[in-house]
Structures are given as structure tokens and as C-alpha cells.
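Letter by letter, the chains look like this.
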Amino acid sequence: MKRIGILTSGGDAPGMNAAIRSVVRTALCGGMSVVGIERGYQGILDKAFREMHMRSVSDIVQRGGTILRTARCMDFHKSECQDEAIANMREEGIEGLIVIGGDGSFRGAEALSKKGFPTVGIPGTIDNDLAYTDYTIGFHTACNTCLEAIDRIRDTSSSHDRITIVEVMGRHCGDIALYTGIAGGAELIIIPEVPMEFSEIKKSLIEASQKGKTSGMVVLAEGVCGAEELMRFLQRETNLSVRATVLGHQQRGGSPSMRDRLLGTQFGYHAVGLLKKDIGNRVVGISKEKIVDYDIMEALAMPRKFRKDLYKMAGVVSQ
Ligand code: ADP
Ligand code: F6P
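Residues numbered from 1 in each chain as written. Chains lettered and ligands numbered in written order. Predicted model: local features only at pLDDT ≥ 70, side-chain atom pairs only at ≥ 80, totals over all residues. Heavy atoms only, no water.

A.B. asks: What exactly am I supposed to notice about the overall build of the protein chain here?
C.D. replies: Looking only at helices and strands, one finds 11 helices and 11 strands in the protein chain. Relative to the globule expectation of 20 Å for 319 residues, the C-alpha radius of gyration of the protein chain, 22 Å, shows essentially globular dimensions. Its C-alpha atoms give the protein chain principal-axis dimensions of about 70 × 35 × 35 Å. When contacts within the protein chain are restricted to residue pairs at least 6 apart in sequence, those whose partners lie at least 24 apart make up 74%. Only carbon and sulfur atoms are counted for the fraction: they give 50% of the accessible area of the protein chain, which is about 14,000 Å². Charged side chains of the protein chain number 40 positive and 39 negative; the gap between the two group centres comes to 3 Å. (Helix = DSSP H or I, 4+ residues; strand = E, 2+ residues; numbered from the N terminus. Rg over C-alpha atoms; globule rule 2.2 N^0.38 Å. Contact = heavy atoms within 4.5 Å. Areas by Shrake-Rupley, 256 points an atom, 1.4 Å probe, with all protein chains shown as cover. Lys, Arg positive; Asp, Glu negative; His and termini not counted. Charge placed at Lys NZ, Arg CZ, Asp CG, Glu CD.)

Here you go:
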């Protein structure tokens, strides 16, 4: 393979730029040329192609977001649009494609692979919701961003003897809430993987207050419910002073952590190595600190491993 394309798709994540830089420089060093595709799959349909050089990726390793921009392209679900995309890439001389994104983006990559166009996926999403990899690019930075906010909120919460509910992102996955809840010293972590009735939440917070806790931090995953809804319930049903904060899109921005820069660089390097050997229909990931790759469909079919051990530990140390 002599010429490859690269795009970012779905929600952006800090560390995507480190992965783009790694792909471009690894490919160029290996004698391949690289086409940057703007705004995800939409960019292939719009022929938004730009030639990438060594200096096109200078000064980006420390930047959040994605220099290639990203988009959600509904047309890409249609078989005829996928055919058009393959024709556009072939016309540009592109022989293989690297897709940085989450599970939705991987389904698009799988569709192209099935039609005979080699693709390799790099997991980039703050949600950490892909079962086949221990971590996705962006998760670590998003957790650190949440932690900074949680620490600040804790100051005011304890000064006012309050319970604060902090809602974090993650779609249907509770990992951001679980990891930041533990690291932020939360009294309660509420995640989709462990269903909890509002009445149980109330009971647990009242018990904490009876045990002498004068304030409390509740970290709530967005996949469970909205923080406002839970706040209104607790205000109605208890005498506790309760507030709610939704951290929102700040979790997706900011300079990537060392961990995400390293991960993005390792994934990019490995992905180019696969395409160089004409291997497509793969996704790269990390398992027990080793970079691995799997067939896309097999990877997407793997059942998610929920860290029950961490959740159990959180219950003990929050007493
Ligand atoms: P993420 O990749 O972060 O999970 P989305 O689920 O929004 O984000 O998917 C990103 C894009 O991937 C979609 O806008 C669409 O262009 C493409 N995509 C998602 N699912 C499919 C699918 N089943 N077939 C083809 N393309 C898809
Ligand atoms: O998948 C990343 C993510 O940030 C989720 O955590 C969140 O639910 C969603 O994207 C928000 O999407 P949007 O940027 O379209 O508001």
C-alpha cells in the first residue's frame, strides 16, 4: 500500500491529534503518502481531501480536538453512499483508510472493509465504551478534567454542608463516573451498569448523614438520568441541601494527558504498520499494556467488561 487516508469521526476526544501526527509521520517515514480527510465520512463524500506532510502535523501533539474536524454523517449508513465514498477515495489514489472514532465510526469502517476497501480503526472517544480495549483515546484526559471540577465543587459543597450531584458524560457507559468517583472521593457513584432506585440513593445519603458526614459528592453517569431530576427528588424527599452540576462538553476539550498522547501515538504507529502489510478490517487497542488488534466485527461483538472490583472497592472506601 502506497497511499492511505485518515479521518476522525463521531465525538472528538483529546489525543486524536497525537494519533493523527503519529499516523502521518509513521506512514511518510515508511514511504507511503497520506491524505487527510476533513469532517469524518462526510469529507469523503465531499472530497474534502488534503495532502499531509511532515510539517502538517507540527505543534499539534498537545492540542485537544482534532485538526481534521469531525462530524456525524447520517448518509453513511446508506450502501450507495459507501460505494460513492470508495469511488472517491480510489479516484484520489487512496488504497486504505484509518478511522479514528468510536463504535459507530467502526461500523462505517466495517462497511467499507466488507466492500473490499481496507480500513483500520483507532478507538477515540472519551466514553471508554469499547469492550475489546482497556482504554480509548480521550478517556484519561476527560477523567482528569472531571476531577478538577469535582475538587472545586467539593470546596463549596463542604463549606455549605451540601450534597452535590455531578453529572458526567459517557453515553451508556459508567466508566467516567466510576473512575472519577473513586479518585474524587465520592460518597456515591451511580452508573448504568449497577441499577439503583432513587429510594436507595435517598437511604444511602441519609445514612451517610447519620454517620456524621456533613456534605457529600454524588457522581452520576449521564446514562442513568439527569442530575436535575435526581436533585429535585432528593429536595422533595429529604431535608438535605442538594445541588446539581452538569459538567457537559468541557469534558471533551483541553490539552491531552501524557497517557492519551502516548496512547494516540502508539495506536497510530500500529495502525499504519497493519495497512503497510495490506491488512485491513482491523481495530487497534490496548490490553494489559500491550498494543493489540482484532477483526472489527469480533471486536464490536465482545461483551463489555465492567470493573466490578473497582465498584465494590468504591463502596468500601466511601464509608
Ligand atoms: P462514535 O464513532 O463516536 O460512536 P457515532 O455513533 O455518532 O459516533 O458514529 C459516527 C459516524 O459513523 C456516524 O455519523 C456515521 O457517519 C458512521 N456510522 C455509524 N454507524 C454506522 C453504520 N452502522 N454504518 C455506516 N456508518 C455508520
Ligand atoms: O461519545 C462522546 C460523547 O461526549 C458522549 O459522552 C455524549 O453523550 C455525547 O458524545 C454528546 O454528544 P454531542 O457532542 O453531540 O452533544
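A.B. asks: Can you help me understand the site of ligand 2 in this one?
C.D. replies: Around ligand 2, the neighbouring residues are R72, I126, D127, M169, G170, R171, E222, H249 and R252. Contact distances for ligand 2 include 3.1 Å between an oxygen atom and a backbone N or O atom of G170. A distance of 3.2 Å is found between an oxygen atom of ligand 2 and a side-chain nitrogen or oxygen belonging to R171. Burial of ligand 2 by the protein amounts to 75% of the accessible area it has alone, namely 400 Å². Per-class residue counts for the shell around ligand 2 are two nonpolar, two polar and five charged. (Near = heavy atom within 4 Å. Polar contact = N/O pair within 3.5 Å; in protein donor to acceptor, adjacent residues only side chain to side chain. Nonpolar A, V, L, I, M, F, W, Y, C, P; charged D, E, K, R; others polar.)

A.B. asks: When you look at the pairing of strand β11 (residues 290-295) in this model, what are you seeing that I'm missing?
C.D. replies: Both faces of the sheet carry side chains from a regular strand, because those side chains alternate between them. The sheet contact formed by strand β10 (residues 282-287) and β11 spans six bridges and is antiparallel. Along β11, the bridge assignment pairs V283 with Y294. (Pairing = 2+ DSSP bridges.)

A.B. asks: Would you explain the site of ligand 1 in this entry?
C.D. replies: Neighbouring ligand 1 are 15 residues, the closest being R72, C73, G102, G104 and S105. One of the backbone nitrogen or oxygen atoms of G104 is found 3.0 Å away from an oxygen atom of ligand 1. Between ligand 1 and S105 there is a distance of 2.5 Å, counted from an oxygen atom to a side-chain nitrogen or oxygen. Burial of ligand 1 by the protein chains amounts to 84% of its free accessible area of 550 Å². According to the grid-proximity analysis, the pocket containing ligand 1 is the largest pocket. Counting residues per element, the shell around ligand 1 draws most heavily on helix α4 (residues 103-114), at five residues. Looking at the shell around ligand 1 residue by residue, the class counts come to three nonpolar, nine polar and three charged. (1 Å grid on protein atoms, 1.4 Å probe; cavity = no way out; pocket = protein on both sides within 12 Å on 5 of 7 lines; lining within 4 Å. Sits in = over half its atoms within 2 Å of the grid points.)

A.B. asks: Explain the sheet that holds strand β9 (residues 242-246) to me, please; I cannot follow it from the model alone.
C.D. replies: What links the strands of a sheet is backbone hydrogen bonding, and the strands pair in either a parallel or an antiparallel sense. With parallel pairing, four strands are arranged side by side in an open sheet as β7-β8-β6-β9. Because the sheet does not close on itself, it has two edges, and the strands there are β7 (188-190) and β9. Adjacent strand axes in the sheet meet at a mean angle of 20 degrees when their direction is disregarded. Alignment of strand β6 (residues 163-168) against strand β8 (residues 216-221), held across six bridges, turns out to be parallel. Paired with I165 across the strands is V218, a residue of β8. Sheet strands in contact with helix α8 (residues 227-237) are β6, β7, β8 and β9, and its direction is about 180 degrees off that of β9. (Axes fitted to C-alpha atoms, helices over the stretch in contact; angles between N-to-C directions.)

A.B. asks: How should the pattern of salt bridges be read in this particular structure?
C.D. replies: Once the charged atoms of two side chains with opposite charge are near each other, the side chains can pair. Following the criterion strictly, the structure yields 20 salt bridges and no others. A salt bridge links R252 to D12; the shortest N-O distance between them is 2.7 Å. One end of the pair, R252, is in the loop between β9 and α9 (258-276); the other, D12, is in the loop between β1 (3-8) and α1 (16-29), with 240 residues separating them in the sequence. By relative accessible area, which is 21% here, R252 ends up partly exposed. On the basis of relative accessibility, which here comes to 19%, the residue D12 falls in the buried class. Across the pair E193 and R304 runs a salt bridge whose closest N-O atoms are separated by 2.9 Å. Within this pair, whereas E193 is found in the loop between β7 and α7 (198-210), its partner R304 is found in the loop between α10 (296-301) and α11 (308-317), the two being separated by 111 residues in sequence. (Salt bridge = Lys/Arg side-chain N within 4 Å of Asp/Glu carboxyl O. Buried < 20%, exposed > 50% of the residue type's maximum accessible area, 1.4 Å probe, protein only.)

A.B. asks: Teacher, can you tell me more about the packing of α7 against α8 here?
C.D. replies: Each pair of packed helices can be summarised by the angle the axes make with each other and by the distance between the axes. Here α7 crosses α8 at 60 degrees, and the two axes come no closer than 11 Å. Comparing their axes, α8 and α7 come out oblique. Crossing of α7 over α8 shows right-handed handedness. Seen from α7, the contacting residues are F198, S199, I201, K202 and L205; seen from α8, they are E229, L230, F233, L234 and E237. Its residues placed into classes, the contact of α7 with α8 shows six nonpolar, one polar and three charged. (Parallel < 35°, antiparallel > 145°, perpendicular 65-115°, else oblique. Left-handed = near helix turned anticlockwise from the far one by under 90°.)

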